[in-house]
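# Per-entry structural report
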Amino acid sequence: MNNFTDVWSMLDWDDISLRINSKTSRDVEQALSRNKISREDFMALISPAALPYLETMAQRAQQLTRQRFGNTVNFFAPLYLSNLCANECTYCGFSMSNKIKRKTLDENEISRECEALNALGFKHLLLVTGEHKGKVGMDYFRRHLPPIRSHFDSLMIEVQPLQQEEYAELKTLGLDGVLVYQETYHAPTYALHHLRGQKQDFFWRLETPDRLGRARIDKIGLGALFGLSGNWRTDSYMVAEHLLYLQQTYWQSRYSVAFPRLRPCTGGIEPASLLEENQLVQLICAFRMLAPDVELSLSTRESPYFRDHVIPLAINTVSAGSKTQPGGYADDHPELEQFAPHDNRSPQRVAEALTQAGLQPVWKDWDSFLGRVSQENVAGG
């Protein structure tokens with residue numbers, strides 16, 4: 001296989017949907033009885049037949065999470081550098097035709113944001129931009145990544161897909177990880193929601209994790225935007241296939257999976273399929289059983305109540321106090337935001353809630369000059 005497109009081309013969306021929906025309680029029980037689950041087991045665990053087994057799934061997922069990650073939960077914050085975008089996407093507040101104010105942070109504004117985030121305790125940062133190669137492309141990243149990195153211990157980005165050699169260059173400037181969500185793996189639905197711009201290219205986006213793996217990026221984040229396609233279960237299975245392929249092909253990299261659901265935004269759309277909260281718990285637990293060593297992340301798109309109850313089950317990375325607009329930490333510009341977060345608590349309040357649940361919030365888990373420290377060492381010391 002040269003890249004994941006070769007795998008994807010052999011996966012039949014309708015066939016996978018039928019196979020998932022045909023799973024029985026017996027299939028679910030067999031999956032739960034195994035130490036290592038297969039693709040067929042994963043289908044059973046995300047199927048409608050598995051919902052009555054949610055308590056058992058949650059217990060198994062929690063056991064695996066504690067075994068691998070101890071009681072630690074890593075904290076990070078997204079820093080939105082720009083809401084400029086050259087794409088037309090039906091579900092995003094940054095979409096180019098939306099009549100919102102546009103802003104790209106300059107050097108001084110970035111410095112103020114970094115200081116504000118440091119004051120909140122954050123040492124792990126995710127840089128986010130709209131997709132605009134002209135104004136927030138490689139020249140912008142070359143100029144601003146090194147000074148930003150000086151404020152933080154690890155740095156990830158969620159920006160437009162780049163070339164392999166560009167990722168390799170950003171790695172030399174302090175980049176540790178890249179999040180690139182496919183949004184949906186169903187090509188006709190993808191075309192329906194991406195109307196203009198580079199993001200229309202389904203396969204350029206699909207092959208981005210391959211370019212990241214070849215560039216030896218340390219951490220690669222995957223996900224689908226649940227609610228975009230008419231079948232969240234099939235999209236979930238596609239994410240799993242993508243993850244398993246990458247783990248086998250680029251075993252030097254670490255991986256994370258996120259579970260974003262559609263949230264209200266300027267010009268936003270109604271979800272094509274509803275992923276209910278109990279189904280989201282089911283999905284998170286299924287991924288933990290499929291991939292015990294993978295980082296599972298839950299954002300402020302979800303409610304405080306939901307996060308407080310689900311993070312202790314299987315989540316080991318969370319954002320907190322997130323602002324989804326440029327300049328949102330040092331100032332407040334709600335008219336610039338990408339979407340409205342649901343959990344608006346301060347980072348300290350989120351940390352306190354997790355501490356009360358017996359978990360250990362981790363703001364900093366390794367020093368770049370020492371090399372990455374394992375989670376087991378953090379949990380033990």
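Note that the structure is predicted; figures quoted are calculated from it, not measured. (Residues numbered from 1 in each chain as written. Predicted model: local features only at pLDDT ≥ 70, side-chain atom pairs only at ≥ 80, totals over all residues. Heavy atoms only, no water.)

## Some remarks on the packing of aromatic side chains
- Applying the stated criterion across every chain yields a total of 13 aromatic pairs.
- For the pair Phe122 and Trp363, a centre-to-centre distance of 5.3 Å together with 65° between the ring planes defines the contact as edge-to-face. With Phe122 in the loop between helix H6 (107–119) and strand E3 (124–129) and Trp363 in the loop between strand E11 (360–362) and helix H16 (375–380), this residue pair connects regions lying 241 residues apart in the sequence. Here Phe122 matches Trp363 in class, with each residue buried.
- Arranged with centres 5.1 Å apart and planes meeting at 85°, the rings of Phe202 and Phe203 form a pair that is edge-to-face.
- Classification of Phe203 as partly exposed rests on a relative accessible area of 35%.
- Put simply, the rings of Phe4, Tyr185, Tyr245 and Tyr250 touch in pairs and so form one group of aromatic residues.
- It is Arg68 that lies over the ring of Phe69; its NZ or CZ is 4.8 Å from the centre. (Phe/Tyr/Trp six-rings, centres within 6.5 Å; stacked < 30°, edge-to-face > 60°. Helix = DSSP H or I, 4+ residues; strand = E, 2+ residues; numbered from the N terminus. Buried < 20%, exposed > 50% of the residue type's maximum accessible area, 1.4 Å probe, protein only. Lys NZ or Arg CZ within 6 Å of the ring centre and 35° of its normal.)

## Examining the confidence of the model for the chain
- On average, residues of the chain carry a pLDDT of 89, and 88% of them reach 70 or more.
- Below pLDDT 50 for its whole length, residues 367–381 participates in 22 contacts with residues either more than four positions away or in separate chains. (pLDDT = per-residue confidence, 0-100. Contact = heavy atoms within 4.5 Å.)

## Overview of the nonpolar core
- In this structure, Phe75 and Phe287 are the most contacted members of the largest nonpolar core, which totals 105 residues.
- Not counting the four nearest positions on each side in its chain, Phe287 is found in contact with Phe42, Ser236, Val239, Ala240, Val257, Phe259 and Leu296.
- Core analysis: the second largest hydrophobic core is formed by eight residues, Leu126, Val128, Tyr181 and Ala258 among them. (Core = buried A, V, L, I, M, F, W, Y, C linked by side-chain atoms within 4.5 Å.)

## Comments concerning the environment of Thr90
- Residue placement: Thr90 occurs in the loop between strand E2 (88–89) and H6.
- Among the residues examined, Thr90 registers a relative accessible area of 18% and is labelled buried.
- A sequence separation of 138 residues divides Thr90 from Leu228, and the C-alpha atoms of the two residues are 9.7 Å apart.

## Overview of helix H3 (residues 25–33)
- Among all positions of H3, only Val28, Ala31 and Leu32 are buried. With its buried residues spanning 95° around the axis, H3 presents them on a single face. In H3, the exposed positions that point more than 90 degrees away from the buried face belong to Arg26 and Ser33.
- Tucked inside the fold, the buried residues of H3 contact helix H4 (39–45), helix H5 (54–69) and helix H13 (277–290). (Arc of directions from axis to C-beta.)

## What to know about the pairing of strand E7 (residues 219–222)
- Neither face of E7 is left uncovered, since the one carrying Lys219 and Gly221 and the one carrying Ile220 and Leu222 both have all their residues buried.
- Examined bridge by bridge, strand E5 (residues 177–179) and E7 share three bridges and lie parallel to one another. Following the sheet pairing, Leu179 is matched in E7 by Gly221.
- Relative to strand E8 (residues 254–258), E7 runs parallel, the two being bridged by four bridges. By the bridge assignment for E8, Lys219 is matched with Arg254.
- Taking the sense of rotation as the criterion, the β-α-β connection linking E7, helix H12 (residues 232–249) and E8 turns out right-handed. (Pairing = 2+ DSSP bridges. Right-handed = clockwise from strand over helix to strand, strands pointing away.)

## A short note on the pattern of salt bridges
- In total, this model carries 20 salt bridges according to the counting rule given.
- With its nearest N and O atoms 2.7 Å apart, the salt bridge here joins Asp176 to Arg149. One end of the pair, Asp176, is in the loop between helix H8 (164–172) and E5; the other, Arg149, is in helix H7 (residues 138–149), and 27 residues separate them in sequence. Accessibility classification places Asp176 together with Arg149 in one group, the buried group.
- Overlapping salt bridges bring together Asp15, Arg19, Lys23 and Glu40 as one network. (Salt bridge = Lys/Arg side-chain N within 4 Å of Asp/Glu carboxyl O.)

## A look at the pairing of strand E4 (residues 154–158)
- Burial analysis of E4 places four of its five residues in the buried class, the great majority of the element.
- Where E3 and E4 come together, five bridges link them in parallel fashion. Paired with Leu127 across the strands is Ile157, a residue of E4.
- For the segment spanning E3, H7 and E4, crossover handedness is right-handed.
- As paired elements, E4 and E5 share two bridges and run parallel to each other. Each bridged residue has a counterpart across the sheet, and for Met156 the counterpart in E5 is Gly177.
- Read from E4 through H8 to E5, the crossover connection turns out right-handed.

## What to know about unusual backbone geometry
- Residue Glu183 is not a glycine yet carries a positive backbone phi of 75°.
- As for its placement among the helices and strands, Glu183 is situated in the loop between E5 and helix H9 (187–193).

## Observations regarding the packing of H5 against helix H14 (residues 304–314)
- Two elements in contact, H5 and H14, have axes separated by 6 Å at closest approach and are oriented at 60°. For the pair formed by H5 and H14, the contact residues are Ala58, Ala61, Gln62, Thr65 and Arg66 on the first element and Pro312, Leu313 and Ala314 on the second.
- In terms of residue class, the contact of H5 with H14 is built from five nonpolar, two polar and one charged. (Axes fitted to C-alpha atoms, helices over the stretch in contact; angles between N-to-C directions. Nonpolar A, V, L, I, M, F, W, Y, C, P; charged D, E, K, R; others polar.)

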